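The primary structure of each chain is shown beneath.
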Amino acid sequence: MSADIVSLHDPGAGDVDRRDAAWYWDKLVQVLVFAGGISGIVCVLGIFVFISKEGFGFITNTMNFTEFFSSPEWRPTSDARPTYGILALAAGTASVTGLAMLVAVPFSLGAAIYIGEFATGKVREVLKVLVELLAAIPSVVWGFIGHSIISRLIVTMFDVPVGLSVLNAGLILGLMAAPIMTTIAEDALKAVPDGFREAAEAMGATRWQVIWRVVLPAAKNGLLSAVLLGIGRGFGETMAVLMASGHAINMPDSIFDPVRALTATIAAELGETAHGSDHYSALFTLGILLFAVTFVINLTADIVVRGRGKR
Amino acid sequence: MRWRTISLAAVLAVAGTTACGRGNSRNVLQNKGSDTLVNVAQAWAEAYKTVNPNVAIAVTGGGSGTGISALINGTVDIANASRKMKPKEMEHAKANGHEPKEFVVGYDALAVYVHKDNPITSISLAQLAEIYGEDGTTVAWSQLGVQLPEDADEIVRISRQNNSGTYAYFKATVLGREREYKLGSLDQAGSKDVVALVSHTPGAIGYSGLAYATPDVKLVPVVAGDGPAVMPSVGTAIDRTYPIARPLFMYTLGEPTGDEKAYLDWILSPAGQKIILDKGYAPVTELD
């Protein structure tokens, strides 16, 4: 019996290459899986080529680098003199993402530590499902909550003139990024071998000492990449930020100032520009910038995780 | 196997003929653009079903800029706009082979909205320019002599996104050709959003079509030059005493023919103009 099996799968046997249905099926699946595997690369390259092509005319002809990066004046539709300064938009994106991380990092690390290290049995399962459910809420729903509920709460709580602000968008974005960060951070904690914990406990460490001195340092690369992916998420988020931030071109002085994000600018204006106009290509140039920054963030996260693998 | 092929072919043939039959009897006109006009455009499309059931009008909003660029790109038949086409856009369309034809289909009073608890009685065009214009010095209600609770004294400027026809018209009429908007206003995507945000922001000021007025906001009478304060209304838009009333346009690519022409003729007829009046805008022709 076992000899038969060996002869069937032995490459040296003459009749192995029989081209029956199973052989063709095998080849077909190989091709399909290969196509699926490289489609990711093809798509990323395709998107990059497309947005570069659309933005290229603006970069070479109209764009003034100094104005683009250092002027807060974004007036693409001005009749007299259009200006394309992204400083205020970049400040808007940075302030909202920054605040979002201040909200999300403690929340998600706390949740990950609780789920990974303390919770057991049913509690743990329920929490994990709920966190994943939270990650599945569509961003327009978050935007709606920010626009209609949190903005009014902010007005009544802080006596400010308007509730659509860095604070509002930052809170919403923080809540949106937290579930993903929790899931990744929990995976990182789980990847720490139990032997570490057992050894520490055997030395008489308390539970907190085990987590603080042993588990967290061992998982730090994974945790850092969780934070970086959260930043990437916040940076690229559009709809919720558009609805909650106030969409005002403004250099923020405080967290109660309305701002406008790079992504929201593209979303609000792209549908309304004639193809091939300067405004149209300028928006694609914003797209190139966003693409480049998220690429760097994700690459850094990847390198950080790989760094852990090597040691 | 054979039978299956034959029956499949038969099904396809039947489906093909019915699809063609439909295509011949029912035409779809694509109509897109101004957010100000979208409600009226939908009402027109709805009413036109009874006038000519063989023509369906698909209406979408998005803003005057959206409609005009869609017309230039050839994806719609009729564009709605609350501003005139810019010379640049005209050139663009001509470069694509068509000269757009303009129709004035009604007039809209652009109302200035404030929170309903705001005690202001009137505002002048010059004051509006100092609030909205670049380097404008008016930042607080107290500068206009309007007493509001301390935390609402700062004027919250609410504006529209920069491709809106309302945005462009307000700029041209209130700020003038040369002056730009002061940056930092809260730029809303739709006419309705402006009114909604004003209704729950005590220190807010905003501009939007008169047809979007709700009981939760206050309309401010506007003064031009040394003239009297005029309340925005359909009547003051028709007799041109209200200073920021503007024509509303529809554009087609070239001289309209067939269904397009019939639809536009109907819009400008008393039946069509009655609908625009019902929606809170001023008609082009006088109605009884």
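Residues numbered from 1 in each chain as written. Chains lettered and ligands numbered in written order. Predicted model: local features only at pLDDT ≥ 70, side-chain atom pairs only at ≥ 80, totals over all residues. Heavy atoms only, no water.

## Thoughts on the confidence of the model for chain A
No. 1: Counting all residues, the mean pLDDT for chain A is 87, and 93% of those residues have values of 70 or more.
No. 2: Predicted confidence for residues 1-7 of chain A stays below pLDDT 50, and this span has two contacts to residues more than four positions away or in other chains. (pLDDT = per-residue confidence, 0-100. Contact = heavy atoms within 4.5 Å.)

## Some points on the side chain of A:Thr97
Residue and element names in this part refer to chain A.
No. 1: With respect to the element layout, threonine 97 can be found in helix 4 (residues 87-118).
No. 2: Among the polar contacts listed, one links the side chain of threonine 97 to the backbone oxygen of threonine 93, at a separation of 2.7 Å.
No. 3: Residues within four places of threonine 97 in sequence aside, it is in contact with Leu173, Ile231, Gly234 and Phe235. (Helix = DSSP H or I, 4+ residues; strand = E, 2+ residues; numbered from the N terminus. Polar contact = N/O pair within 3.5 Å; in protein donor to acceptor, adjacent residues only side chain to side chain.)

## As for the domain arrangement of chain A
All names here are of chain A.
No. 1: Domains assigned within chain A are domain 1 (2-62) and domain 2 (74-310).
No. 2: If you average the C-alpha positions of domain 1 and of domain 2, the two centres end up 34 Å apart.
No. 3: Facing the 11 residues of domain 1 at the interface are 10 residues of domain 2.
No. 4: Together, the buried faces of domain 1 and domain 2 total about 950 Å²; carbon and sulfur atoms form 81% of this surface.
No. 5: Of all residues in domain 1, Ile51, Glu54 and Phe58 bury the most surface against domain 2, accounting for 55% of the area lost on that side.
No. 6: Here domain 1 and domain 2 share zero salt bridges between them.
No. 7: Across the domain 1-domain 2 interface, the total number found is zero residue pairs in polar contact (both at pLDDT 80 or more). (Domains from an automatic or database assignment. Buried area = accessible area lost by both parts, 1.4 Å probe. Salt bridge = Lys/Arg side-chain N within 4 Å of Asp/Glu carboxyl O.)

## Focus on the nonpolar core
No. 1: Core analysis: the biggest nonpolar cluster contains 75 residues, and B:Trp44, B:Ile205 and B:Tyr263 have the highest contact counts within it.
No. 2: If one sorts the elements of this core by residue count, strand 4 (residues 100-115) of chain B sits on top with nine residues.
No. 3: Core analysis: the second largest hydrophobic core is formed by 27 residues, A:Val96, A:Ile172, A:Leu242 and A:Val259 among them. (Core = buried A, V, L, I, M, F, W, Y, C linked by side-chain atoms within 4.5 Å. Buried < 20%, exposed > 50% of the residue type's maximum accessible area, 1.4 Å probe, protein only.)

## What to know about the pattern of salt bridges
No. 1: Using the criterion set out here, one finds 18 salt bridges over all chains in the structure.
No. 2: Linking A:Asp194 and A:Arg197 is a salt bridge whose minimum nitrogen-to-oxygen distance equals 2.9 Å. Here A:Arg197 and A:Asp194 lie together in helix 8 (residues 194-202), a separation of three residues that amounts to about one turn.
No. 3: Connected through salt bridges with shared partners, the residues A:Glu73, A:Arg75 and B:Glu134 form a single ionic network.

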